2 protein chains.
Amino acid sequence: MNLHDIVKARNRIEGHVRETPILTSSLLNQWLGHEIFFKAENFQKIGAFKARGACNTVAWLKENGKVPSRIVANSSGNHAQAVAYAAHSFGIPVTIFMPEYSSKVKIQATKSYGAEVVLSSTRDITDQKVQEAAAEKGVYWIPPFNHEQVICGQGTAVYESLTHLDNIDAVFAPCGGGGLLSGSLIATRGLSPKTKVIGVEPLNANDAAESLRKGSIQRLSAPPDTLADGAMTMTVGDITFEYLKQLDDFYEIEEKYIIYWTQWLTHLLKCRIEPTCAMSMEAIKRWLGTMESKQRVLMVISGGNMDQATTQKIWERDWLEVLPIHFE
Amino acid sequence: MNLHDIVKARNRIEGHVRETPILTSSLLNQWLGHEIFFKAENFQKIGAFKARGACNTVAWLKENGKVPSRIVANSSGNHAQAVAYAAHSFGIPVTIFMPEYSSKVKIQATKSYGAEVVLSSTRDITDQKVQEAAAEKGVYWIPPFNHEQVICGQGTAVYESLTHLDNIDAVFAPCGGGGLLSGSLIATRGLSPKTKVIGVEPLNANDAAESLRKGSIQRLSAPPDTLADGAMTMTVGDITFEYLKQLDDFYEIEEKYIIYWTQWLTHLLKCRIEPTCAMSMEAIKRWLGTMESKQRVLMVISGGNMDQATTQKIWERDWLEVLPIHFE
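These figures come from a predicted structure and were not determined experimentally.

(A) Structural context of the relation of the copies chain A and chain B. With an RMSD of 0.0 Å, chain A superimposes on chain B once it is rotated by 180° and translated 0.0 Å along the axis. One copy is carried onto the other by what is essentially a two-fold rotation axis. Measuring from the rotation axis to each C-alpha of chain A, the shortest distance belongs to A:Cys271, at 2.1 Å. When the interface residues of chain A are mapped onto chain B, 100% of them are again interface residues, pointing to one common binding face.

(B) Local environment of the domain arrangement of chain A. All names here are of chain A. When cut into domains, chain A gives domain 1 (3-49 + 148-314) and domain 2 (50-141). Placing a centre on the C-alpha atoms of domain 1 and another on those of domain 2 gives a separation of 24 Å. If you look at the interface, domain 1 gives 24 residues, while domain 2 gives 18 residues. Summed over both partners, the interface of domain 1 with domain 2 comes to about 1900 Å²; 56% of that surface belongs to carbon and sulfur atoms. Counting the surface domain 1 buries against domain 2, the share from its top three residues, Arg12, His16 and Ile46, is 38%. At the junction of domain 1 and domain 2, the tally comes to 3 salt bridges. Here glutamate 41 ties to arginine 52 by a salt bridge, and the two come within 2.7 Å at their closest N and O atoms. Inspection of the region where domain 1 meets domain 2 yields 16 residue pairs in polar contact (both at pLDDT 80 or more). Elements with a minimum of two residues in the side of domain 1 that touches domain 2: helix H1 (3-13) and helix H7 (148-164). Among the elements that take part in the side of domain 1 that touches domain 2, H7 stands out by supplying 8 residues, more than any other. When the residues that make up the side of domain 1 that touches domain 2 are grouped by side-chain class, the tally is 9 nonpolar, 8 polar and 7 charged.

(C) Looking closely at the pattern of salt bridges. Throughout the structure, instances matching the rule amount to 34 salt bridges over all chains. Salt-bridge contacts for A:Asp248 lead to A:Arg189; the nearest nitrogen and oxygen are separated by 3.1 Å. On the criterion of sequence distance, the pair formed by A:Asp248 in the loop between helix H10 (238-244) and strand S9 (249-253) and A:Arg189 in helix H8 (residues 179-191) is long-range, its members being 59 residues apart. In this structure, B:Lys39 engages B:Glu160 in a salt bridge whose closest nitrogen and oxygen atoms are separated by 2.6 Å. Taken together, the residues span a long stretch of sequence, with B:Lys39 in strand S2 (residues 35-40) and B:Glu160 in helix H7 (residues 148-164) at a distance of 121 residues. For B:Glu160, a relative accessible area of 2% gives the class buried.

(D) Examining empty space enclosed by the protein more closely. Taken as a whole and assessed by the stated rule, the structure comprises 1 cavity of 30 Å³ or more. Taken as a whole, the largest cavity spans an internal volume of roughly 100 Å³. Along its surface, the largest cavity is lined by 16 residues, and A:Thr266, A:Arg272, B:Thr266, B:Arg272 and B:Trp315 are the ones closest to its centre. Breaking the lining of the largest cavity down by element, the ones donating at least two residues are helix H11 (255-269) and helix H13 (308-314) of chain B. Split into classes, the residues belonging to the lining of the largest cavity amount to 9 nonpolar, 5 polar and 2 charged.

(E) Structural view of the confidence of the model for chain A. Per-residue confidence for chain A gives a mean pLDDT of 95, with 100% of residues at or over 70. For this predicted complex, the interface confidence score (ipTM) comes to 0.92, while the overall pTM stands at 0.94.

(F) Local environment of helix H5 (residues 104-112) of chain A. Within H5(A), the full set of buried residues consists of A:Val105, A:Lys106, A:Ile107, A:Ala109, A:Thr110 and A:Ser112. Looking at the buried residues of H5(A), the elements they touch are helix H4 (78-89), strand S4 (94-99) and strand S5 (116-120) of chain A together with helix H2 (26-32) and H11 of chain B. A:Gly114 sits one or two positions beyond H5(A) and adopts a positive phi of about 95°.

(G) Broad picture of the interface of chain A and chain B. In this complex, chain A contributes 31 residues to the contact, which on the side of chain B involves 31 residues. Together chain A and chain B conceal approximately 2900 Å² of surface at their shared face, both sides included; 57% is due to carbon and sulfur atoms. Looking only at chain A, the three residues that lose the most surface to chain B are A:Lys270, A:Gln308 and A:Trp315, adding up to 24% of its buried area. Counting every contact that joins chain A to chain B gives 2 salt bridges. A salt bridge links A:Lys104 to B:Glu321, with the shortest nitrogen-to-oxygen separation between them at 3.4 Å. On the surface where chain A and chain B come into contact, there are 10 residue pairs in polar contact (both at pLDDT 80 or more). Only helix H2 (26-32), H5, helix H11 (255-269) and helix H13 (308-314) of chain A provide two or more residues apiece to the side of chain A that touches chain B. Broken down by element, the residue count for the side of chain A that touches chain B peaks at 5 residues, all from H11(A). Partitioned by chemical class, the residues of the side of chain A that touches chain B number 11 nonpolar, 13 polar and 7 charged.

(H) Here's a closer look at the packing of aromatic side chains. Evaluation of the coordinates by the stated rule reveals 19 aromatic pairs over all chains. Seen from their ring centres, A:Trp319 and A:Phe327 are 5.4 Å apart, and the 70° between their planes marks the pair as edge-to-face. Relative to B:Trp261, the ring of B:Tyr260 has its centre 5.1 Å away and its plane inclined at 85°; by these criteria the two rings are edge-to-face. Look at B:Trp261 and you get buried, because its relative accessible area is 0%. These aromatic residues form a ring-pair network of at least three members: A:Trp31, A:Tyr257, A:Tyr260, A:Trp261, A:Trp264, A:Trp319 and A:Phe327. The ring of A:Tyr257 has A:Arg286 lying over it, and the distance from NZ or CZ to the ring centre is 4.7 Å.

(I) View of unusual backbone geometry. Residues and elements named next belong to chain A. One non-glycine residue with positive phi stands out, namely isoleucine 46, at about 65°. Counting through the fold element by element, isoleucine 46 comes out in the loop between strand S2 (35-40) and helix H3 (50-63). Judged by relative accessible area, isoleucine 46 falls into the buried class, the value being 7%. Phi is positive for lysine 270, which is not a glycine, with a value near 60°. Of note, lysine 270 is situated in the loop between H11 and helix H12 (275-288). For lysine 270, a relative accessible area of 7% gives the class buried.

(J) Expanded view of the sheet that holds strand S9 (residues 249-253) of chain B. All names here are of chain B. Taking strand neighbours across the sheet as the criterion, the 6 strands line up as S1-S2-S10-S7-S8-S9 in an open arrangement whose pairing is mixed. Lying at the two open borders of the sheet, with one neighbouring strand each, are strand S1 (22-23) and S9. In this structure, strand S7 (residues 170-174) lies alongside strand S10 (residues 296-301), joined through 3 bridges in parallel fashion. Residue pairing for S10: valine 171 is matched across the bridge by leucine 298.

(K) Looking closely at the pairing of strand S5 (residues 116-120) of chain B. Residue and element names in this part refer to chain B. Examined bridge by bridge, strand S4 (residues 94-99) and S5 share 5 bridges and lie parallel to one another. Looking at S5, one finds that methionine 98 is bridged to leucine 119. On the question of chirality, the crossover connecting S4 to the parallel S5 by way of helix H5 (residues 104-112) is right-handed.

About the cut-offs
Residues numbered from 1 in each chain as written. Chains lettered and ligands numbered in written order. Predicted model: local features only at pLDDT ≥ 70, side-chain atom pairs only at ≥ 80, totals over all residues. Heavy atoms only, no water. Least-squares fit on C-alpha atoms with pLDDT ≥ 70 in both. Contact = heavy atoms within 4.5 Å. Domains from an automatic or database assignment. Buried area = accessible area lost by both parts, 1.4 Å probe. Salt bridge = Lys/Arg side-chain N within 4 Å of Asp/Glu carboxyl O. Polar contact = N/O pair within 3.5 Å; in protein donor to acceptor, adjacent residues only side chain to side chain. Helix = DSSP H or I, 4+ residues; strand = E, 2+ residues; numbered from the N terminus. Nonpolar A, V, L, I, M, F, W, Y, C, P; charged D, E, K, R; others polar. Buried < 20%, exposed > 50% of the residue type's maximum accessible area, 1.4 Å probe, protein only. 1 Å grid on protein atoms, 1.4 Å probe; cavity = no way out; pocket = protein on both sides within 12 Å on 5 of 7 lines; lining within 4 Å. Points joined across faces, edges and corners; volume = space filled by probe spheres on them. pLDDT = per-residue confidence, 0-100. Phe/Tyr/Trp six-rings, centres within 6.5 Å; stacked < 30°, edge-to-face > 60°. Lys NZ or Arg CZ within 6 Å of the ring centre and 35° of its normal. Pairing = 2+ DSSP bridges. Right-handed = clockwise from strand over helix to strand, strands pointing away.

Laid out in structure tokens, this is it:
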């Protein structure tokens, strides 16, 4: 895949997804002495970048005369809403298989996009049911990240950003299954080859970092304990891993810093920001600490969907009392 | 004051404040069966509409050849930051008097806009000190709401909105000291005379509602217990009260609903939203319940500044489990 595939994706999804704004905080820039640009995918349809990959996949099926009779997906999170939205947006029936423990608000949102929702008691049963459904004739299963058209769709967020911003020194994005990072890498290498592309993962869910260290795909041994729920994926995919290997750097972030930056970016940007992306800010700060000249950095705010329990945990103690210039 | 004063204010503050976006939630509109537009002043400079009134007052002084040697103000909240920002933006020295109990993050922000900050142990001492400072030659004191140029500045938020949106049936804004509502009323009567202008106040801080009922300005007997900290003002002003009397309706909202809508608007709009403005959504819902046809409503999101303690209280229980269509 290359830049042309991203451009094609961008054209395909036009009118179905939003061109989201790029935010800045003059206070943060003043404190850090660098320029940080935030691509605000929390304002994307369904509240996360995932709408891009899902819409591109459905549009690509349509473009190639392969419109399925039904689309299916399995997810407890943003991918469920993204596929529901994309299928509905292109007028194709859709069934989403979700575990019962998914938050009510996400189940409701998925239904409100016109999807049939099938709840199962465990994740394993959910995964089994989607496989059965996908085996039926005319049904197409959209996976969350390990799919070329999903990757190209996700890459359009950074593509849009880099067509508006010149001389970006580095792009930071979080790593769950690696779809966003893979697409971001393809877009950046094509548009701005000198720009570094850097991945970020919670230390408590560092299967991608482990995989990169060992040179082969590693799987988490148990569901990880992290507030960055968009990065809880147990393993990356074979397609995404090939792109992750080409990253310029990779950071693993402790929970304390994830919480700190979720509070601060919420406060500075006045946005609802998922912990999954806020952790990138700590990676940016560490990376900037190694630089001798003023840098221009792009960070992807991957989404803004967060339930009450996570919000409560994020705001348990007051990190706003500790300014970024004093925080170690 | 009339529409011309608002237009003059709008021209004066151009380049010093942002033209903020107007947000919508298709899910919320679908649930309510009406169209709600949100003017997002949380994305305004300093995170609240207050930047408008402060900038207009400073620009008006300059326009009239009355540039002070120093600007002063007293506040523990958004007005402190607004005056600091406005004075700095026009290159005028500024001192802000704040009580020591103000949140560190607000004190820091006020300083970062270039203001000298003088902390005092109580609000009374703070108020006394600003009076002393204002008595000095060449010093100008910008009050938080009871001032014509402050009111005209605040009115530019609704003015901007109504130049972009046709056929708005009603405008809702929160009532603290009445500056935002007074300016909103002037702008709306001038641009769209048939549009209703409706005020909203926490039931626990209902001095304005009491004043309107009794026909004379009433003062709260003690600092009120409400999460809507922007509406904790003890009394409205003599200038603003004359405008408040012209409002088409006025709602008093219980804390439970303030919390509910802060959670839901944060979730739906992916924004940091102060409880002070979120309460307007309950008033809108109640007002819409009395309407027989589809309405188009404008709500001013007055700001997005909230400390950790308030955030924690807002997210104590899970209101996202109760959809707006089921909430009474």
